Amino acid sequence: MSKHRGLLIVLSGPSGVGKGTVRKELFSQPDTNYEYSISMTTRQPREGEVDEVDYFFKTRGDFEKLIEQGQLLEYAQYVDNYYGTPLEYVDRMRDAGRDVFLEIEVQGASQVREKVPDGLFIFLAPPSLSELEERLVGRGTESDDVIASRISAARQELEMMNLYDYVVENDEVEKACDRINAIIIAEHCRRERVEKRYFDMLKENA
Ligand code: 5GP
């Protein structure tokens, strides 16, 4: 079988940056050609959320069983709840040659980076980062304390970027989606990803 494995695409970034909004916009586009991996969570459904569509809603006990059984690609505790990615779906889709898209918080993304080093890791950055300099020094009205805490928040965000391949600024949702789709197209053209398929083909026909 010469079918190549699908790409694992990970979108992450600091909390509040708009990962969910960008992901929903991507999957509302008719020509989106990758699969969304629905996460599991122990948090309560919000109004309008549907089980098995937005999340697989689980009890804590069930979630902990899944952890023990090794059924999660990654998981994290975030604001007192568990969130995690079911391993079986990701493997099945990728084995079938489909790209799989995860939208997860940063602790989970770093676990995936270790387990799937050839994944595509995209960091969604807050627009405030580019406005930061202006805000920090521009007006000269902020107190030293406020400036210091903004610098420290920005530094933490920058340090998180370290394990990602690409950084996409979320200045406007549509623009962020266009950049993400451009990155995915380019990623499929990377020599490291493409050449193996050519060599495999030669081997098969040798
Ligand atoms: P919310 O409760 O607002 O739906 O999600 C809270 C946070 O959990 C968001 O940052 C979201 O990206 C993250 N999240 C959603 N699913 C997963 C997952 O499967 N694993 C991890 N690690 N984080 C997730």
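For the structure, see preceding data.
Criteria and thresholds
Residues numbered from 1 in each chain as written. Predicted model: local features only at pLDDT ≥ 70, side-chain atom pairs only at ≥ 80, totals over all residues. Heavy atoms only, no water. Helix = DSSP H or I, 4+ residues; strand = E, 2+ residues; numbered from the N terminus. Buried < 20%, exposed > 50% of the residue type's maximum accessible area, 1.4 Å probe, protein only. Contact = heavy atoms within 4.5 Å. Salt bridge = Lys/Arg side-chain N within 4 Å of Asp/Glu carboxyl O. Near = heavy atom within 4 Å. Polar contact = N/O pair within 3.5 Å; in protein donor to acceptor, adjacent residues only side chain to side chain.

(A) Structural context of the environment of leucine 7. With respect to the helices and strands, leucine 7 occurs in the segment before strand 1 (8-12). Given a relative accessible area of 4%, leucine 7 falls into the buried group. Residues leucine 7 and glutamate 157, spaced 150 residues apart in sequence, show a C-alpha to C-alpha distance of 26 Å. In contact with leucine 7, not counting residues within four places along its chain, are Arg94, Arg98, Asp99, Val100, Asp118, Leu120, Glu187, His188 and Arg193.

(B) Region of the structure containing the pattern of salt bridges. Applying the stated criterion to the full structure yields 16 salt bridges. The salt bridge involving arginine 43 is made with glutamate 49; its shortest N-O contact spans 2.8 Å. The shortest N-O distance in the salt bridge between arginine 113 and aspartate 165 comes to 3.2 Å. Placement of the pair is arginine 113 in helix 4 (residues 106-115) and aspartate 165 in the loop between helix 6 (144-160) and strand 9 (166-169), with a sequence separation of 52 residues. Look at arginine 113 and you get partly exposed, because its relative accessible area is 21%. Taken together, the shared-partner salt bridges in this structure form one network comprising Glu187, Arg190, Glu192 and Arg193.

(C) Layout of the site of the ligand. Close to the ligand lie 15 residues; Ser39, Arg43, Tyr55, Tyr83 and Glu103 are nearest. The contact in question runs from an oxygen atom of the ligand to an N or O atom on the side chain of arginine 43, over 2.6 Å. Glycine 84 places a polar main-chain atom, nitrogen or oxygen, 3.0 Å from an oxygen atom of the ligand. Mapped by element, the contributors of at least two residues to the shell around the ligand are strand 5 (72-78) and strand 6 (81-86).

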